[in-house]
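Here is what each chain is made of, one letter per residue.
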Amino acid sequence: MHYSKYHALGNDYLVIRPEDLPEELTSESIQRICHRNYGLGSDGILLGPLPSGSCQFGLKIFNPDGSEAEKSGNGLRIFARFLWDEQLVAQEPFTVETAGGMVTCQVGGAGKSVQVEMGKVRFDSEAIPVSGPPREVLNEKMEIDGATFKFCAATVGNPHCVVLSEAPSAAQAHRFGPLIEVDSRFPARTNVQFMRVIDRNSIRIEIWERGAEYTLASGSSSTAAAGVAHRLGLCDSKITVHMPGGQLAIDFDADFAATMTGPVTKVSNGEMAAECLEWLANPDSQFLVVEDHNP
Ligand SMILES: N[C@@H](CCC[C@H](N)C(=O)O)C(=O)O
C-alpha cells in the first residue's frame, strides 16, 4: 500500500489515497498502521482526496485508536501540502470538505507554509457537545483525581476542553488528559489543552488528543485554546500558540472565524507490506513459531 508521510510541528500523519487501499480501512487496520512498533507509526491517517459534493476535495481523518475525527488543523495543512506535491493545487485557495465542516486552504512558501481558514470557534455546550443545560462553557470548575481545574470548552468542528494552568507540562497532560478525555461531561470524548496565557498575543499549551494521546502539536487545539484566550478577553485577535513541537499563528475576525498559519514538512513516500496487516485475518500469525529446544 502506497503512503506519504508528513509532519506538522512533530504531529505526524500518513496520507493515503483511497485507490491505494487494498481494502477498506477498519478500526483494527488503522490501529495497526498507526502503531509505532507494529506498523508505520503516526498520529493519524488522512484518507483523500475523496469526492465531495460541496468542495474541491473531500477528506476523512482517522485517529490512531481507529476513531474518526471531524477535523484536524495539522492534518489539513498536511493534506493541502500533499495536494500541492501531487500537483493537484497551485497557489490559489481551494476548499476541502471534512466531517467537521468546509475549510479553505492556501499553500505558500514553495509548499512549506500553509494557511487554513478553520471556521468559527464556538463555545456553546450543545455544539461541542458538553452535557448539562445549554450554555457557553466558560470558566467552569472540574475536580479530577484530587485536583481542581478551571476550564472552558470549545468546538472548531471537533471538541476541545481548555484547562487554565499556571504551568502546563507534559506530565500534567499525561496525568489528567486521559481522565478528562473520557469525562462524562463530554459525550463525544474531548481533546484537552492545558493553557497558560503569556501575554496579549501569545499562549502556551500542552496537548492530550482524543484518540491519539499526547502529541507535540495540534492545529485544532491551538485554534480552540487561542479562541478561549480571546473570548475571555485575555488575548487580542492575533495569537501565537507555543507548543513543544513549535509555533502556530492564529488570527480571529470579529465573529471568531479563525485563520491558522504554520509549517509542514515532508518525511517520505513508501510502501507498506501486506504482511503487516496479515494478523488481522489470522491473529496467531504475529507470534513467531520456534522449535521447542527443551529435551
Ligand atoms: N492533530 C490534530 C487533531 C486530530 C483530531 C483529534 N485527535 C480529534 O479526535 O478531534 C490537529 O492538528 O488538529
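If you're wondering where the values come from, they're calculated on a predicted model, not measured in any experiment.

Further remarks concern the site of the ligand. Lining the immediate surroundings of the ligand are 15 residues, of which Asn11, Gly73, Glu209, Gly219 and Ser220 lie closest. Interatomic distance of 2.7 Å between a side-chain N/O atom of Asn11 and a nitrogen atom of the ligand. Glu209 places a side-chain nitrogen or oxygen 2.8 Å from a nitrogen atom of the ligand. Taken by itself the ligand offers 360 Å² of open surface, and the protein chains cover 100% of this. At the level of elements, strand 2 (11–16), helix 2 (73–85) and helix 4 (219–231) are the ones that each hand at least two residues to the shell around the ligand.

We now examine the nonpolar core. Within the largest apolar cluster, 53 residues are counted, with the highest numbers of intra-cluster contacts made by Phe79, Phe94 and Ile203. Top contributing element to this core by residue count: helix 2, with six residues. The residues touching Ile203, leaving out its near neighbours within four places in the chain, are Met195, Arg196, Val197, Ile198, Ala225, Ala226, Ala229, Cys235, Ile239, Thr240, Val241 and His242. Formed by 18 residues, the second largest nonpolar core is a distinct cluster that contains Phe149, Phe151, Ala153 and Ala173.

A few words on the packing of aromatic side chains. Summed over all chains, the structure comprises seven aromatic pairs. Between Phe149 and Phe176, the ring centres sit 4.9 Å apart and the planes meet at 80°, which makes this aromatic pair edge-to-face. Taken together, the residues Phe149 in strand 10 (residues 147–155) and Phe176 in helix 3 (residues 170–181) connect sequence positions 27 residues apart. By relative accessible area, which is 6% here, Phe176 ends up buried. For the ring pair Phe151 and Phe186, a centre distance of 6.3 Å and an interplane angle of 65° mean the geometry is edge-to-face. Highlighted residues: Phe151 in strand 10 and Phe186 in the loop between helix 3 and strand 12 (191–199), separated in sequence by 35 residues.

Looking at the chain, the domain boundaries give domain 1 (2–119 + 265–285) and domain 2 (121–261). Centre-to-centre, using C-alpha coordinates, domain 1 lies 23 Å away from domain 2. Contacts between the two partners involve 23 residues from domain 1 and, on the opposite side, 28 residues from domain 2. The junction of domain 1 with domain 2 conceals about 1,800 Å² of combined surface from both sides, 48% of it contributed by carbon and sulfur atoms. Along the contact surface separating domain 1 from domain 2 lie two salt bridges. Of all the elements in the fold, those that place two or more residues in the side of domain 1 that touches domain 2 are helix 2 and strand 8 (113–120). For the side of domain 1 that touches domain 2, the element with the highest residue contribution is strand 8, accounting for seven residues.

The next thing to look at is the UniProt feature "binding site: substrate" (unreviewed entry) in the chain. Within the UniProt annotation, "binding site: substrate" (unreviewed entry) is assigned to Asn11, Asn63, Gly73, Asn74, Asn158, Asn191, Glu209, Arg210, Gly219 and Ser220. Inspection of the secondary structure assignment puts Asn63 in the loop between strand 4 (57–62) and strand 5 (68–69). Excluding its chain neighbours within four sequence positions, the residues that come into contact with Asn63 are Ile30, Ala69, Arg210, Gly211 and Ala212. For Asn74, the position within the fold is in helix 2.

Two side chains of opposite charge can pair, provided their charged atoms sit close to one another. Summed over the entire model, instances satisfying the criterion amount to 18 salt bridges. Note that Glu136 and Arg231 form a salt bridge whose closest N and O atoms lie 2.6 Å from each other. On the criterion of sequence distance, the pair formed by Glu136 in the loop between strand 8 and strand 9 (140–144) and Arg231 in helix 4 is long-range, its members being 95 residues apart. Accessibility expressed as a relative area gives 32% for Arg231, which makes it partly exposed. Put simply, Asp251 and Lys238 hold a salt bridge, and the shortest N to O gap is 2.6 Å. Placement of Asp251 in strand 16 (residues 246–252) and of Lys238 in strand 15 (residues 238–243) is noted, with a sequence separation of 13 residues between them.

Let us look at the environment of Arg189. Inspection of the secondary structure puts Arg189 in the loop between helix 3 and strand 12. In sequence terms Arg189 and Pro129 are 60 residues apart; their C-alpha atoms lie 8.8 Å from each other. In this structure Arg189 touches Asp65, Ser67, Pro159, Glu181, Val182, Arg210 and Gly211, once residues within four positions along its chain are discounted. A distance of 3.0 Å separates a polar atom in the side chain of Arg189 from a polar atom in the side chain of Asp65. Looking at Arg189, its side chain comes within polar contact range of the side chain of Glu181, at 2.7 Å.

With respect to the element layout, Val162 can be found in strand 11 (residues 159–164). A residue is classified by how much of its surface remains accessible, and Val162, at 0% relative accessible area, is buried. Here the alpha-carbon distance between Val162 and Val114, two residues 48 residues apart in the chain, equals 25 Å. In this view, Val162 contacts Lys150, Phe151, Cys152, Gln193, Met195, Ala224, Ala225 and Val228; residues no more than four positions away in its chain are not counted.

How each quantity is defined
- Residues numbered from 1 in each chain as written.
- Predicted model: local features only at pLDDT ≥ 70, side-chain atom pairs only at ≥ 80, totals over all residues.
- Heavy atoms only, no water.
- Near = heavy atom within 4 Å.
- Polar contact = N/O pair within 3.5 Å; in protein donor to acceptor, adjacent residues only side chain to side chain.
- Areas by Shrake-Rupley, 256 points an atom, 1.4 Å probe, with all protein chains shown as cover.
- Helix = DSSP H or I, 4+ residues; strand = E, 2+ residues; numbered from the N terminus.
- Core = buried A, V, L, I, M, F, W, Y, C linked by side-chain atoms within 4.5 Å.
- Buried < 20%, exposed > 50% of the residue type's maximum accessible area, 1.4 Å probe, protein only.
- Contact = heavy atoms within 4.5 Å.
- Phe/Tyr/Trp six-rings, centres within 6.5 Å; stacked < 30°, edge-to-face > 60°.
- Domains from an automatic or database assignment.
- Buried area = accessible area lost by both parts, 1.4 Å probe.
- Salt bridge = Lys/Arg side-chain N within 4 Å of Asp/Glu carboxyl O.
- UniProt positions renumbered as here; feature names shortened; annotations may be inferred.

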